[in-house]
Amino acid sequence: MSLLALGVVSLIALCMWLRFATETYLTEQKIPPATLERIRTISASPAQHEQELWGYLRQYYQPQDVVPGILGADWLLFYALMAASIPLIVVLGFVTSRPLSRQFSIVAATARRVTQGDFSSRAELVPNAPAELNRLAEDFNAMCEKLSRYEREVLDSSAILAHELRTPLNAAMGRLQGILDGVFEPQPDQLAMILRQLVQLNRLVSDLHFLSVARAGELRLSEDKFDLTELIRDRINWSVPALDAAGIVSRVEVPSSAPWYGDRDRLGQVVSILIENVVRYAGSGRALTVRLSASSGTARLIIQDRGPGVPAEELPRIFDRFWRAEHSRGRHSGGSGLGLSIAGVIVEAHGGMIQAANRVDGGLEVNISLPRRSAAPR
């Protein structure tokens, strides 16, 4: 609209200038060259040659050109241009503003549906709308997508959480009730079974608390100086019994040394989660590959398996809470279903990125990219 107004004003000014230039040119064609030169000379100081200048004006110029008032030829032309510009401004303004107003209306209508709880609503992008409005609509749709995911996650998590909590509680309560009723003797093995259920319950609660703290932006990371290579080898060694039991052959490709800064324990937790994930869900592949490459600015950790992989449509949700509980990762495999979510928030808290993709020749690949932290260790 600003450009339209500026264009109309510029057009009126151009027309006025062309009219003046044309009138001046036609008039000067009628004046003898010597007289014209004299007029130009005395025009430089009109106050000193007032009578002579008025004489030339009366002789060669039209009276209406010099008579004051708002009905002269210049004013009449100005009025005509304004009268012609008003319809032009209205028409062009309507044409240019229609996509703008339509985009606003669509976003407003979609926002009303979202406030009513319909998080699946999306704002249509209007062709020829200003780029800023299209970006607004795209950002609004991205916000709705996140809200939709959060709603789905809350609904899913509520039901799954109730089941995950109820299972160990019922098992522990049933065993205790059996001991109280005399069905079971209070032997160490019976108490150990109860303890295992309580440990599982405690771990679930701890994992949920960790995720809640991370989502609230309150996750505190230590700044340790450590060797990534040593950390990965340690975690692999810890997992050797589980890997051997599952018949998984591990292959580790790491540099001889990779000095790094970050929270050693949390990053070690990520490695352990991913290895445990392979043991629990990809043991049929009988293979685990861990690769690490570290440069001055970035470390890249890749963990690959030869398991069944993940359906392509499920990959975007693989780091959601309780993802395995509803899909291909069945309950019989154990675990809280929070491991990959925890790994994701730890990596993101370090400013990194974690992604998962199916391998072309079968299996799953988890790719972690970590930027070097600039803070000195404390």
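Residues numbered from 1 in each chain as written. Predicted model: local features only at pLDDT ≥ 70, side-chain atom pairs only at ≥ 80, totals over all residues. Heavy atoms only, no water.

**Student:** I would appreciate a short explanation of the pattern of salt bridges in the present structure.
**Tutor:** A pair can form between side chains of opposite charge whenever their charged atoms are brought close. Per the counting criterion, the structure on display carries 11 salt bridges. Residue R122 pairs with E145 through a salt bridge whose shortest N-O separation is 2.7 Å. Remark: E145 occurs in helix α6 (residues 131-180) and R122 occurs in the loop between α5 (73-115) and α6; sequence separation between them is 23 residues. The closest approach of N and O atoms between D361 and R359, which form a salt bridge, is 4.0 Å. Judged by relative accessible area, D361 falls into the exposed class, the value being 54%. Salt bridges linked by common partners bring R203, E276 and R280 together as one network. (Salt bridge = Lys/Arg side-chain N within 4 Å of Asp/Glu carboxyl O. Helix = DSSP H or I, 4+ residues; strand = E, 2+ residues; numbered from the N terminus. Buried < 20%, exposed > 50% of the residue type's maximum accessible area, 1.4 Å probe, protein only.)

**Student:** Mind showing me how you'd approach the packing of aromatic side chains here?
**Tutor:** Per the counting criterion, the structure on display carries zero aromatic pairs. The ring of F184 carries the charged tip of R175 above its face, separated from the ring centre by 4.4 Å. (Phe/Tyr/Trp six-rings, centres within 6.5 Å; stacked < 30°, edge-to-face > 60°. Lys NZ or Arg CZ within 6 Å of the ring centre and 35° of its normal.)

**Student:** Would you take a moment to explain the environment of P371 for this structure?
**Tutor:** Residue position: P371 is located in strand β7 (residues 364-371). Owing to a relative accessible area of 30%, P371 belongs among the partly exposed residues under this scheme. In this structure the C-alpha to C-alpha distance between P371 and R300, which are 71 residues apart in sequence, comes to 8.8 Å. With near-sequence residues (within four places) excluded, P371 lies in contact with W260, G297, T298, H350, G351 and G352. (Contact = heavy atoms within 4.5 Å.)

**Student:** Honestly, the layout of surface pockets in this entry has me stumped. Any pointers?
**Tutor:** Summary: where empty space remains is shown by rolling a probe the size of a single water molecule over the atoms. One number sums up the size of the largest pocket: a volume of about 570 Å³. Lining of the largest pocket is provided by 21 residues; of these, R149, R215, F319, D320 and E348 occupy positions nearest its centre. If you list the elements that add at least two residues to the lining of the largest pocket, you get α6, α7 (188-215), α12 (339-349) and β6 (353-358). No other element matches the six residues that α12 contributes to the lining of the largest pocket. Taken together, the residues of the lining of the largest pocket sort by class into 10 nonpolar, four polar and seven charged. (1 Å grid on protein atoms, 1.4 Å probe; cavity = no way out; pocket = protein on both sides within 12 Å on 5 of 7 lines; lining within 4 Å. Points joined across faces, edges and corners; volume = space filled by probe spheres on them. Nonpolar A, V, L, I, M, F, W, Y, C, P; charged D, E, K, R; others polar.)

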